Amino acid sequence: MKLKQRVVLLAILLVIFIFTKVFLIDNLDTSAANREDQRAFHRMMAGLRVELVSKLDHTLQSPWEIAAQWVVPREVYPEETPELGAIMHAMATKKIIKADVGYKGTQLKTLLILEGGQKVVFKPKRYNRDYVVEGEPYAGYDRHNAEVAAFHLDRILGFRRAPLVVGRFVNLRTEIKPVATEQLLSTFLTIGNNTCFYGKCYYCRETEPACADGDTMEGSVTLWLPDVWPLQKHRHPWGRTYREGKLARWEYDESYCDAVKKTSPYDSGPRLLDIIDTAVFDYLIGNADRHHYESFQDDEGASMLILLDNAKSIRVSTWNRLNSLKNGVLKSALKSAMAHDPISPVLSDPHLDAVDQRLLSVLATVKQCTDQFGMDAVLVEDRMPLSHL
């Protein structure tokens with residue numbers, strides 16, 4: 001064989017070797033990532049049940065100090081949370097030392113300060129468990145039990161971006177009114193034998209108060225994020241217009257997604273993938289009204305999208321987790337996670353069934369996209385730099 005032919009042959013063999021090696025490395029990396037996703041799923045399932053206990057072992061810190069230390073730019077709480085039960089017990093039982101009207105918003109809530117100085121947001125019960133709200137997806141009052149369920153769904157999905165939430169019963173006459181501000185106290189009234197209040201918010205009306213069962217009111221308590229992590233509000237790129245007959249740009253412009261991808265903070269970093277995760281989360285809980293979202297201030301798109309007041313490509317880790325939750329696993333996981341909440345049962349069986357059905361719709365939609373565009377175009381490996389988006 002002539003020298004020129006040998007050089008060509010060696011070059012061809014070298015190219016084949018390089019491509020084979022890259023292919024094998026990619027497959028090994030993908031397999032390792034998938035195995036880690038499976039291990040993370042099994043760790044989550046093993047630690048899913050949270051028993052509310054009064055004692056914190058092996059620490060002199062308060063529950064509030066521990067919860068505050070958990071918060072970092074990409075998660076509100078860590079994967080391993082042995083103190084979670086004690087923190088949630090404190091949220092559900094600590095003495096209320098002050099009660100005020102809620103912060104700005106459209107829905108009724110109160111701002112409570114618990115013993116130790118911890119702020120929490122209390123949302124009152126508005127509906128019985130089996131009540132079905134008719135009309136648009138965003139119609140009706142907020143459901144307090146949905147806040148509890150959404151927090152545990154956040155745990156199950158492995159997002160860890162929702163503030164801690166637990167159910168709580170409060171006595172409006174003995175726990176709230178004696179420590180209420182004048183502004184909140186002025187909204188209290190009695191209807192029959194029930195103590196009620198209507199608070200102060202955009203849609204709050206004296207004619208539509210929230211009423212206790214006698215003096216005892218069921219609700220949810222959401223832990224306030226530490227003041228050292230101030231929030232910044234952003235307009236959601238796929239929000240609705242709130243104008244009768246007027247469509248948002250994303251509803252008619254096929255090029256809108258490409259425009260968003262070229263706009264900060266969606267042109268680099270994890271924010272756009274966070275938006276996709278949130279779309280899945282919102283669909284599963286039936287939230288059609290996330291017109292804004294929050295992140296930590298001055299983050300330049302690096303911090304998480306925070307799931308408060310609870311597309312294009314999807315994370316591989318999210319896709320793996322969703323597939324692990326099909327065939328009734330999600331329903332079972334939610335029931336297990338919420339079994340020890342003070343207001344258990346948090347969700348009715350029809351609501352749990354609905355979440356399972358929505359999961360199937362999400363999986364079918366992503367499958368349709370991968371069939372049409374290919375796995376590489378739809379699923380993004382989130383354990384690599386994200387500038388390629």
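Since this is a predicted model, take the numbers as computed values, not measurements. (Residues numbered from 1 in each chain as written. Predicted model: local features only at pLDDT ≥ 70, side-chain atom pairs only at ≥ 80, totals over all residues. Heavy atoms only, no water.)

A. View of the sheet that holds strand β4 (residues 165–171). Taken in spatial order, the five strands make up an open sheet running β1-β2-β3-β8-β4, and their pairing is antiparallel. Whereas interior strands pair on both sides, the edge strands pair on one side only; in this sheet they are β1 (96–101) and β4. Put simply, the sheet's adjacent strands are angled 35° from each other on average, direction ignored. Where strand β3 (residues 118–124) and strand β8 (residues 216–223) come together, five bridges link them in antiparallel fashion. For Phe 122, the partnering residue across the bridge sits in β8 and is Val 221. (Pairing = 2+ DSSP bridges. Helix = DSSP H or I, 4+ residues; strand = E, 2+ residues; numbered from the N terminus. Axes fitted to C-alpha atoms, helices over the stretch in contact; angles between N-to-C directions.)

B. Just the state of the cysteines, in detail. Within this structure, the stated rule accounts for two disulfides. A sulfur-sulfur separation of 2.0 Å characterises the disulfide bridge that pairs Cys 196 with Cys 211. Between Cys 196 and Cys 211 the sulfur-sulfur dihedral comes to about 105°; the bridge is accordingly right-handed. Linking Cys 196 in strand β6 (residues 194–197) with Cys 211 in strand β7 (residues 210–211), this pair joins segments that are 15 residues apart in sequence. Residue Cys 201 pairs covalently with Cys 204 via a disulfide, S to S 2.0 Å. (Disulfide = S-S within 2.5 Å.)

C. Highlighting the side chain of Lys 109. One can find Lys 109 in the loop between β1 and β2 (110–114). Relative accessible area serves as the criterion here: at 4%, Lys 109 is assigned to the buried category. One polar contact links the side chain of Lys 109 to the main-chain carbonyl oxygen of Gln 107, over a distance of 3.1 Å. In contact with Lys 109, not counting residues within four places along its chain, are Val 101, Gly 102, Tyr 103, Lys 104, Val 121, Phe 122, Lys 123 and Pro 124. (Buried < 20%, exposed > 50% of the residue type's maximum accessible area, 1.4 Å probe, protein only. Polar contact = N/O pair within 3.5 Å; in protein donor to acceptor, adjacent residues only side chain to side chain. Contact = heavy atoms within 4.5 Å.)

D. Structural view of the pairing of β3. The buried fraction of β3 amounts to six of the seven residues, a majority that puts the element mostly inside the structure. Here five bridges tie β2 to β3, and the two strands are oriented antiparallel to one another. Along β3, the bridge assignment pairs Thr 110 with Phe 122. Connecting β2 to the antiparallel partner β3 that follows it, the hairpin turn spans three residues, and Gly 116 within it adopts a positive phi of roughly 100°.

E. Fine view of the UniProt feature "binding site: Mn(2+)" (unreviewed entry) in the chain. Within this structure's numbering, the places UniProt gives as "binding site: Mn(2+)" (unreviewed entry) are Asp 142 and Asp 309. Its location among the elements puts Asp 142 in the loop between β3 and α4 (144–157). Overall, the relative accessible area of 26% leaves Asp 142 in the partly exposed class. (UniProt positions renumbered as here; feature names shortened; annotations may be inferred.)

F. Examining helix α2 (residues 63–70) more closely. When α2 is considered as a whole, its buried residues turn out to be Pro 63, Trp 64, Ile 66, Ala 67 and Trp 70. Mapping the buried residues of α2 onto a view down its axis gives an arc of 160°, with all of them on the same face. Buried residues along α2 sit against α3 (84–93), β2, β3 and β8. (Arc of directions from axis to C-beta.)

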